[in-house]
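# Structural characterization, general
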Amino acid sequence: MSDRQMPPALRFMLAARRCELQHLEGLALTCELVEGASALVHDLQRERGFSNILLGTGNDRYRTALEQHSTTARGSEARLRDWLDALDASVAQDRPRLLNRIACVLHLLDGLPSLRRGIVERRVAMQAATTAFSHLIAGLLAVIFEAADTASDPGLTRALVALFNFMQGKELAGQARATGVVGFTQGHFDASLLARLDELDSSQSRCFEGFLTHADAEALQRWDEVQRCPSRVQIERLREVARRTSANARVEPALAELWFELNTRRLDAMQTVAQHLVAELRTRCAASIDTAQADLDSHRKLSRRLAELERDPGQPLLFSLAAQPVGETRPGEPSPGILDLLHAQTRRLHEVEAELQETRQSLAERKLLERAKQRLMQQLALPEAEAHQHLQQLAMHSGLPLPEVVRQVLAQTR
C-alpha cells in the first residue's frame, strides 16, 4: 500500500514525520556551514594576532609566520566560499536572518586582500587592522548564533549554543591578547586599556558560563585541562605587571612578545575544545537524521498495518501502542489504534518543543541582555563591564531576576 492509499489521518501523520526529517537534513547543511565558519574564525584569529604583533613591535621575525597564517586562512575561506557557492539558498529560504548574515560575511571577506596588503606594507595601523579582523570574526560568529537560534532539534540546539558561547568567549580572549600587545608595546597601560582588559575578562566569564551549561561531558573535561594550562598562570602574572605600570613606571616593550606567545598558546589550547564541539555537533546531527529516518520507516510500516486492519474487520483485535485492546468503534470514527499513534506523536512533539524552548531561552535572554547593555552604554556613557554591573545591581536591589530587569530597562529606554 502506498502512502497515498492510506487514510487521510495517517497520510498527514507521516507527512509530519517527513517534515521533521527534512528539517534535520536542512540542519545538517547548517552544521557544515558552522564547521566551515568555525575553522575560518580560528585561522583569522591567528592571522589577526600575528598582524598585531608585527605592526606593534616591528619585528620582522613575525612576518613569515603571518604569511603562513594568511595562507591557511585563505584556504579556509576558499573552502567556505566553495560550500556557499554550491548551496542552494532556497534550502534556507525560511531563515532570512541567516542568509543576511552570510551576505554580510561575504562582503567583509571581499575586503581581506586589501587589508592584508596594507598590513604587510605597514600602511595600516595596528588598531585599524585589529578592528577590521574583529568585525569579520564577529560576522562569522553571528552566522553561528543564527544557526543555533533556528535549529529545530533540542540536542543539536544545545550543541550549537555551547559552541557559540565557547567561540564568543574565545574571541574575547583573542581581543584581550591584542589589547595586551598594545599596552606592553607602548610600555605602560593607561586607565582605558586596563578597563578594557577587565571588561573582556568579565565578558569571557559570562560566555564560558553559557558554554558550561550546555556542553557535553567530554567538552567539560577538555575545558578543565585548558584551565589548568601553565600559560594561564603566567598570563595572570603579566596582568598584575600591567596593573602596576603607568606613564612614569614603564616596562620593557619586549614583554609584548611574551604576552602574545602565552596568550597564543592558551588560544590554541581552546581550539581543541572548539574542534571537539564541532565534531560533537556533526555526530549528533548524523545520529538525529538516522533516528528520524528509522522512525519514519517504522511509522510507515505501522501505519500501513493499521490501515489494512481498518479495511478488514475480520482481523483479530488490534492492540494499541499502550498494549490495551481496542474495542468497537462507531461508523466513521477513527480506530483507537490510529488515535494512540497520533496521540503518541503529539506528546513527543510537545516534549521536543518544551525542551527546545528551554534551550533557546538562554539565547533569547542573551540577546536581550546585550541590547540592554548597549542602551545603558549609550545613555549613561558606561563601559560594557559597568553597564553589566549596573544591571546586576538593579536586579539585586529590586529582588527581581536579571532577565526581568533587562526587559524593564529595554521597555523604559525605548
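Per an unreviewed UniProt entry, the chain is named ANTAR domain-containing protein, and its organism is Pseudomonas oryzihabitans.

The subject of this paragraph is the packing of helix α2 (residues 61–86) against helix α4 (residues 112–120). In the contact formed by α2 and α4, the axes pass within 12 Å of each other and the chain directions differ by 175°. Between α2 and α4, the angle is such that the two are roughly antiparallel. From α2, Arg-63, Leu-66, Ser-70, Ala-73, Arg-74 and Glu-77 reach across to α4, where they touch Leu-112, Arg-116, Ile-119 and Val-120. Here the residues of the contact of α2 with α4 are counted per class, giving 5 nonpolar, 1 polar and 4 charged.

It is worth spelling out the nonpolar core at this point. Of all hydrophobic cores here, the largest spans 89 residues; its most connected members are Leu-44, Phe-166 and Phe-211. Looking at this core, the element that brings in the most residues is helix α1 (residues 8–57), giving 17 residues. Not counting chain neighbours up to four residues away, the residues in contact with Phe-211 comprise Ala-162, Asn-165, Phe-166, Ala-219, Trp-223, Val-273 and Leu-277. Membership of the second largest hydrophobic core comes to 11 residues, among which are Ala-372, Leu-391, Ala-395 and Val-409.

Tracing the chain through its elements places Arg-116 in helix α4. Distance in space between the C-alpha atoms of Arg-116 and Glu-67 is 9.4 Å, their sequence separation being 49 residues. When neighbours within four sequence positions are excluded, Arg-116 is seen to be in contact with Leu-44, Glu-47, Ser-70, Ala-73, Arg-74 and Glu-77.

With that out of the way, let us pick up the packing of helix α7 (residues 191–214) against helix α8 (residues 217–227). Relative orientation and spacing of two packed helices are given, respectively, by the angle between their axes and the distance between those axes. Interaxial distance between α7 and α8 falls to 8 Å at its minimum, and their mutual angle equals 145°. Residues Phe-208, Phe-211 and Leu-212 of α7 touch α8, and the partners they reach there are Ala-219, Leu-220 and Trp-223. Partitioning the contact of α7 with α8 into residue classes produces 6 nonpolar, no polar and no charged.

This next bit is on the packing of aromatic side chains. Under the counting rule described, the total for this entry stands at 11 aromatic pairs. Measuring from centroid to centroid gives 6.2 Å for Phe-50 and Tyr-62, while their planes differ by 55°, and the two rings are tilted. Of the two residues, Phe-50 is situated in helix α1 and Tyr-62 in helix α2; the sequence distance between them amounts to 12 residues. Measuring from centroid to centroid gives 6.0 Å for Phe-211 and Trp-223, while their planes differ by 80°, and the two rings are edge-to-face. Of the two residues, Phe-211 sits in helix α7 while Trp-223 sits in helix α8, which places them 12 residues apart along the sequence. The pair formed by Phe-211 and Trp-223 is uniform in burial state, with each residue classed as buried.

As enumerated under the stated definition, the model contains 21 salt bridges in all. A salt bridge links Glu-257 to Arg-61; its shortest N-O distance comes to 2.7 Å. In this pair, Glu-257 is assigned in helix α10 (residues 255–311) and Arg-61 in helix α2, connecting sequence segments 196 residues apart. Judged by relative accessible area, Glu-257 falls into the buried class, the value being 17%. Here Arg-81 makes a salt bridge to Glu-77, at a shortest N to O gap of 2.9 Å. On the criterion of helical spacing, the pair formed by Arg-81 and Glu-77 is a turn pair, its members being 4 residues apart in helix α2. Each member of the salt-bridge network shares a partner with another, and the members are Asp-198, Glu-236, Arg-239, Glu-240 and Arg-243.

Conventions adopted
Residues numbered from 1 in each chain as written. Predicted model: local features only at pLDDT ≥ 70, side-chain atom pairs only at ≥ 80, totals over all residues. Heavy atoms only, no water. Axes fitted to C-alpha atoms, helices over the stretch in contact; angles between N-to-C directions. Helix = DSSP H or I, 4+ residues; strand = E, 2+ residues; numbered from the N terminus. Parallel < 35°, antiparallel > 145°, perpendicular 65-115°, else oblique. Contact = heavy atoms within 4.5 Å. Nonpolar A, V, L, I, M, F, W, Y, C, P; charged D, E, K, R; others polar. Core = buried A, V, L, I, M, F, W, Y, C linked by side-chain atoms within 4.5 Å. Buried < 20%, exposed > 50% of the residue type's maximum accessible area, 1.4 Å probe, protein only. Phe/Tyr/Trp six-rings, centres within 6.5 Å; stacked < 30°, edge-to-face > 60°. Salt bridge = Lys/Arg side-chain N within 4 Å of Asp/Glu carboxyl O.

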